[in-house]
Amino acid sequence: MSSWLLRATAAAVVVTGLASGAQAAELRIALSSEPTAIDPHFHNLSPNNQISLHIFDPLVKQDEQQNLMPGLAVSWEPLDELTWEFRLREGVTWHDGEPFTAADVAFTLERAPDVPNSPSSFAAYINQITGVEIVDDYTIRLTTDTPFPLMATNLSTFGIIAAHVAGDATTEDFNAGTAAIGTGPYKFVEFVPGDRIVLEANPDYWDGAEPWDRVIFRPISSSASRVAALLSGDVDVIEEVPTADIAQLRENEQLTVASAASNRVIYLHIDSDRDETPHITAKDGSAIENPLKDQRVREALSIAINRDAIVERVMEGIAVAAGQLLPNGFQGTSDNLPPPAYDPERAQALLEEAGYGDGFRVTLHGPNDRYINDADVAQAVAQMWSRIGLDVSLDTMPRSVYFGRASALEFSTMLVGWGAGTGETSSPLVNLLATYDRDRGRGTANRGRFSNAEMDALLDEALATVDDAARNALLAEASEVAMREVGLIPLHFEVSSWGLRNGLDYVGRADQYTLAMGVRPSE
Amino acid sequence: MSVFIVRRLLQSLLVIVVMSLLVFAGVYAIGNPVEILVAPDATQLERERVIASFGLDRPLWEQYLRFVSGALQGDLGRSFVFNQPAISLILQRLPATMELALVAMAMAVGFGIPLGLWAGLRPDTIAGRTIMAGSILGFSLPNFWQGLMLIMLFAVILGWLPSTGRGPTGEIFGIETSLATHQGRAHLVLPALNLALFKMSLIIRLTRAGVRETVHLDYIKFARAKGLRTNRVIGVHLFKNIMIPVVTIIGLEFGSVIAFAVVTETIFAWPGMGKLIIDSINVLDRPVIVAYLLVIVLIFIFVNLVVDLLYSVLDPRVRLQEAKA
């Protein structure tokens, strides 16, 4: 037994030695959660989308701050209110050497919204397109029934696949690699579920070949194990460094930490619609009218929260206090919305004014396995509310139970997060704050059922405005209305962190993606 | 013998039916998988399409009947998350879990029985006491903590072994296993040890207790008086008689090592079934959960059958017809 152990150990040492000799070419990345498929259109989920970006280029790319950049399309412009023309990049080849043309784009637009058994499709990004016209091999025109200013943004969310190999390919064909032929910077090598995804550089990439010959992604869901794998040198890069470990990793001379404010806002949704709400009663337990319908009460709940304390203590400094739906600088944000100042006296005065000077009893609900330190944040909020005279109980639960109940409107106040996949403010406004309308797809995640006609009108106008500057100004105005009315209570923006071994740099991304394309040897 | 086996299989069938009903109702009660699977910005219409495509818009009894009729034709359903047959997902992960379980049990038995014998035969020596103290640590320290400490010590501080993951695999008798490569074996050591420590402690204590009890019995004294060598007294007369409880425990524990290596597989990022089931529970992937538990029940039934057959080999007084499941 012991000689076997020795041999195993010796083998491990030899292998580690070999690996360090070959580090210039191989990159090993530990992921916190693994993709459910290689098929880029099967499941609209961050881990899938980030792997997909390595293999399949989208028409339009997003940079680290989610600004749009040319991808397979070199330029795009509206010909009129209802028609967009995309000029495609010439001379791009698929990984099997075939040329890329407009026919591939048309094929992708047809397949992507309609993958069999997809648990979450890209239909919402594509359904507005009612006509596809191939003008020539490198020009394609897309028509819509109503003005659709977010066309390029929506087309940046999914990759283009090859018509000649993916004709009737199933999700299994992509996982096996036979259909996983893209134009991206990396070629697919293998996918062993639960264990690894291996990619190799595409030497003919149109934007220049990558410095890594081979990239290995390994899913390590336990965050402590992920940190240990980085410390022991088994991987070069890890994502989602736990906040408690960041200080220690920063001090370690063998490692560096990269971070970036993300597009994910953590907020409280509050039931501002129903006359009676399930988890609010008078302090003696008797039923009362829903106090959250009163804007003054909602504002009191917001300014009773010390956001700086949450950022400093609970999040260990790894977060940014929030006063709106996306961090300043993103498209459609307002410059006039700083985080609400902490003011418990005024909060109490507002409660008094609204007729709730004695407070009321409320249960705050939250998930405990979804966002960074989610249960701790909810606990801090509950304590801060009790300081302005409310009786607050806290109920946190796993996300598998939580989100179903939240969507069934079982809660009165709840902690949720929203990542704006499109990187601009219409995403949270449409989904979280617009008046709920099943058929128009508005307010789908509006679990407080906030409704404000002024904001809805501004949003409608913005969504029909093709000019970027004018649209962003309207979105900013809509945000200001929603925040003035306290349609929801923003708490903070998550900051994502990556741990890297020394000698590597990563440009942190607002969309929280971990991309080999962003990892570069330090100068 | 064959009557015994047939009766066992009939009982198992009942267990499987009850279990599938419980799991079906249980997962239904927890929540709606679509809420977790679908992108948060999906429209209500998209949600309704997904719910319908999974058949979740039907009443629960109808969903169950569909599952049963599929299962009778060998189809346990497709994973909501992976869009692959649930059973093939599980069988894909089975070899990784089996090799981990086998190595862990080999470690537990290989170290546990000799150490237990030693502690039983020499209870008052320093070695005997150390073994017993160590075994208490072995099963009182939480599994996940042990795992993290093993990683810290052997991977981070000493750098002897890889921290996580399964190494490269090779073929032995046509089976893909990481036992075939040096690097693969190196990856196995820590997770197997983590899984083995608890079982090892249990086996040490059981063996020791058996030895302490048996060593004073008349037939052992008689064997000694007859002038048999110590090795033979211990190796045959004593050993065979303390093995019945040990074999029972090994059987039970082997089943649970296969089924519930969840903690170890999560900490060591081992691509086995335990990791699959915990991920599936997190997203309420019901076809995988049901299929997994069916497979586990079958494994338990098989292992217990083997244990019962082993009894009759170890102790001729045990007759299988009388053994109740």
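Definitions and limits used
Residues numbered from 1 in each chain as written. Chains lettered and ligands numbered in written order. Predicted model: local features only at pLDDT ≥ 70, side-chain atom pairs only at ≥ 80, totals over all residues. Heavy atoms only, no water. Phe/Tyr/Trp six-rings, centres within 6.5 Å; stacked < 30°, edge-to-face > 60°. Helix = DSSP H or I, 4+ residues; strand = E, 2+ residues; numbered from the N terminus. Buried < 20%, exposed > 50% of the residue type's maximum accessible area, 1.4 Å probe, protein only. Axes fitted to C-alpha atoms, helices over the stretch in contact; angles between N-to-C directions. Parallel < 35°, antiparallel > 145°, perpendicular 65-115°, else oblique. Left-handed = near helix turned anticlockwise from the far one by under 90°. Contact = heavy atoms within 4.5 Å. Nonpolar A, V, L, I, M, F, W, Y, C, P; charged D, E, K, R; others polar. Pairing = 2+ DSSP bridges. Core = buried A, V, L, I, M, F, W, Y, C linked by side-chain atoms within 4.5 Å. pLDDT = per-residue confidence, 0-100. Buried area = accessible area lost by both parts, 1.4 Å probe. Salt bridge = Lys/Arg side-chain N within 4 Å of Asp/Glu carboxyl O. Patch = residues over 30% accessible without salt bridge, like charges linked within 9 Å, V, L, I, M, F, W, Y side chains within 5 Å. Areas by Shrake-Rupley, 256 points an atom, 1.4 Å probe, with all protein chains shown as cover. Expected span 1.5 Å × (residues − 1). Arc of directions from axis to C-beta. Domains from an automatic or database assignment.

## Quick look at the packing of aromatic side chains
We describe a pair of aromatic rings using the distance from one ring centre to the other and the angle between the two ring planes.
All names here are of chain A.
Now for step 1: Enumeration according to the criterion identifies 16 aromatic pairs over all chains in this entry.
Now for step 2: Each ring, one from Phe122 and one from Phe158, has its centre 5.8 Å from the other, and the planes form 55 degrees; the classification is tilted. Of this pair, Phe122 sits in the loop between helix 3 (102–111) and helix 4 (123–126) while Phe158 sits in the loop between helix 5 (151–155) and helix 6 (163–166); the two residues are 36 residues apart in sequence, bridging distant segments of the chain.
Now for step 3: Residue classification places Phe158 among the buried positions, given a relative accessible area of 3%.

## As for the packing of helix 10 (residues 295–303) of chain A against helix 12 (residues 344–353) of chain A
Residue and element names in this part refer to chain A.
Now for step 1: Viewed as axis vectors pointing N to C, helix 10 and helix 12 meet at an angle of 160 degrees, and their least axial separation amounts to 8 Å. Here helix 12 runs roughly antiparallel to helix 10, going by the angle between their axes. Remark: the crossing between helix 10 and helix 12 carries left-handed chirality. For the pair helix 10 and helix 12, the contacting residues are Arg296, Val297, Glu299, Ala300 and Ile303 in the first and Pro344, Arg346, Ala347, Leu350, Leu351 and Glu353 in the second.
Now for step 2: Each residue belonging to the contact of helix 10 with helix 12 can be placed in one class, and the counts come to seven nonpolar, no polar and four charged.

## Considering the sheet that holds strand 5 (residues 83–88) of chain A
Residue and element names in this part refer to chain A.
Now for step 1: Spatially, the four strands line up as an open sheet ordered 4-5-7-6, and their pairing is antiparallel. Each end of this open sheet is capped by a strand with a single partner; those strands are strand 4 (73–80) and strand 6 (129–136). The mean inter-strand angle of the sheet, taken between neighbouring strand axes irrespective of direction, is 20 degrees.
Now for step 2: Strand contacts of helix 3: strand 5, strand 6 and strand 7 (139–144), with the helix running at about 170 degrees to strand 6, the strand carrying the most contacts.

## Structural notes on the nonpolar core
Now for step 1: Judged by nonpolar contacts, the single largest core of 79 residues is most densely connected at Phe54, Phe67, Ile90, Leu117, Leu238, Tyr292 and Leu294 of chain B.
Now for step 2: Setting aside residues no more than four positions away along its own chain, Leu294 of chain B makes contact with Ile16, Met19, Phe67 and Leu76 of chain B.
Now for step 3: Core analysis: the second largest hydrophobic core is formed by 73 residues, Leu292, Tyr371, Trp385 and Leu415 of chain A among them.

## Some remarks on the confidence of the model for chain B
Residue and element names in this part refer to chain B.
Now for step 1: Looking at chain B, the pLDDT average stands at 85 and 97% of residues meet or exceed 70.
Now for step 2: At the level of individual helices and strands, chain B shows its lowest average pLDDT in strand 2 (residues 175–177), which scores 77, and its highest in helix 5 (residues 86–121), which scores 91.
Now for step 3: Across the whole predicted complex the pTM is 0.86, and at the interface the ipTM reaches 0.83.

## A word on the interface of chain A and chain B
Now for step 1: In this assembly, 55 residues from chain A lie in contact with 54 residues from chain B.
Now for step 2: Together chain A and chain B conceal approximately 4600 Å² of surface at their shared face, both sides included; 55% is due to carbon and sulfur atoms.
Now for step 3: Here chain A is connected to chain B by three salt bridges.
Now for step 4: Linking Glu48 of chain B and Arg438 of chain A is a salt bridge whose minimum nitrogen-to-oxygen distance equals 2.6 Å.

## Here we look at the pattern of salt bridges
Now for step 1: Applying the stated criterion across every chain, the model contains 33 salt bridges over all chains.
Now for step 2: Of the charged contacts in the structure, one is a salt bridge between Arg28 of chain A and Asp236 of chain A, with a shortest N-O distance of 2.8 Å. Taken together, the residues span a long stretch of sequence, with Arg28 of chain A in strand 1 (residues 26–31) and Asp236 of chain A in the loop between helix 8 (223–231) and strand 11 (237–239) at a distance of 208 residues.
Now for step 3: Using a relative accessible area of 13% as the deciding quantity, one classes Arg28 of chain A as buried.
Now for step 4: Given the relative accessible area of 0%, Asp236 of chain A is considered buried.
Now for step 5: Measuring nitrogen to oxygen at the nearest pair gives 2.9 Å for the salt bridge that ties Arg166 of chain B to Glu99 of chain B. Residue Arg166 of chain B is located in the loop between helix 7 (143–157) and strand 1 (170–172), and its partner Glu99 of chain B is located in helix 5; the two are separated by 67 residues in the primary sequence.
Now for step 6: Because the salt bridges share partners, they merge into one network encompassing Arg28, Asp236 and Arg501 of chain A.

## Looking at the pairing of strand 12 (residues 255–270) of chain A
All names here are of chain A.
Now for step 1: The buried fraction of strand 12 amounts to 13 of the 16 residues, a majority that puts the element mostly inside the structure.
Now for step 2: With twelve bridges connecting them, strand 12 and strand 18 (residues 488–501) associate as antiparallel partners. Bridge pairing links Val265 to Phe493 in strand 18.
Now for step 3: The pairing of strand 12 with strand 17 (residues 413–419) spans seven bridges and is antiparallel. The residue of strand 17 that forms the bridge with Arg264 is Gly419.

## Observations concerning a nonpolar patch on the surface
Residue and element names in this part refer to chain B.
Now for step 1: A grouping of Leu137, Leu141, Phe144, Trp145, Met149, Met152, Leu153, Ile157, Leu158, Trp160 and Val263 is seen on the molecular surface, where their side chains present a nonpolar patch of about 990 Å² in accessible area.
Now for step 2: At six residues, helix 7 tops the list of elements feeding residues into the nonpolar patch.
Now for step 3: Mapped onto the elements of the fold, Met152 is located in helix 7.
Now for step 4: Met152 sits in the partly exposed class, given a relative accessible area of 34%.

## Topic: the environment of Leu117 of chain B
Now for step 1: Counting through the fold element by element, Leu117 of chain B comes out in helix 5.
Now for step 2: If near-sequence neighbours (up to four positions away) are discounted, Leu117 of chain B is found in contact with Thr207, Val211, Ile234, Leu238, Phe239 and Ile242 of chain B.

## Considerations on helix 4 (residues 60–72) of chain B
Residues and elements named next belong to chain B.
Now for step 1: Over its 13 residues, helix 4 extends 18 Å from the first C-alpha to the last, a length consistent with the 18 Å expected when each residue adds 1.5 Å.
Now for step 2: Here helix 4 has its buried residues at Gln63, Tyr64, Phe67 and Gly70. Along the axis of helix 4, the buried residues cluster in a sector spanning 125 degrees; they form a single face. Looking at helix 4, the residues exposed on the side facing more than 90 degrees away from the buried face are Trp61, Leu65 and Leu72.
Now for step 3: In this fold, the buried residues of helix 4 make contact with helix 1 (2–30) and helix 13 (286–314).

## Some words on the pairing of strand 1 of chain A
All names here are of chain A.
Now for step 1: Of all six residues in strand 1, five are buried; the element is thus mostly enclosed.
Now for step 2: Inspection of the sheet shows strand 1 paired to strand 10 (residues 214–219) by six bridges, in the parallel sense. Looking at strand 10, one finds that Leu31 is bridged to Pro219.
Now for step 3: With two bridges joining them, strand 1 and strand 11 adopt parallel strand pairing. Its bridge partner being in strand 11, Ile29 is matched across the sheet by Val237.

## Quick look at the domain arrangement of chain A
Residue and element names in this part refer to chain A.
Now for step 1: Taken domain by domain, chain A comprises domain 1 (37–174) and domain 2 (263–493).
Now for step 2: Taken together, the contact between domain 1 and domain 2 spans 13 residues of the former and 15 residues of the latter.
Now for step 3: Here domain 1 packs against domain 2, burying approximately 1000 Å² in sum over the two surfaces, 57% of which is carbon and sulfur.
Now for step 4: When the buried area of domain 1 at its contact with domain 2 is split by residue, Gln66, Pro149 and Leu150 rank highest and sum to 50% of it.

## Some details on helix 15 (residues 426–433) of chain A
Residues and elements named next belong to chain A.
Now for step 1: Burial runs high along helix 15: eight of the eight residues are buried.
Now for step 2: Considered for burial, the residues of helix 15 that qualify are Ser426, Ser427, Pro428, Leu429, Val430, Asn431, Leu432 and Leu433.
Now for step 3: Those residues of helix 15 that are buried lie in contact with strand 12, strand 17, helix 16 (453–463), helix 17 (468–484) and strand 18.

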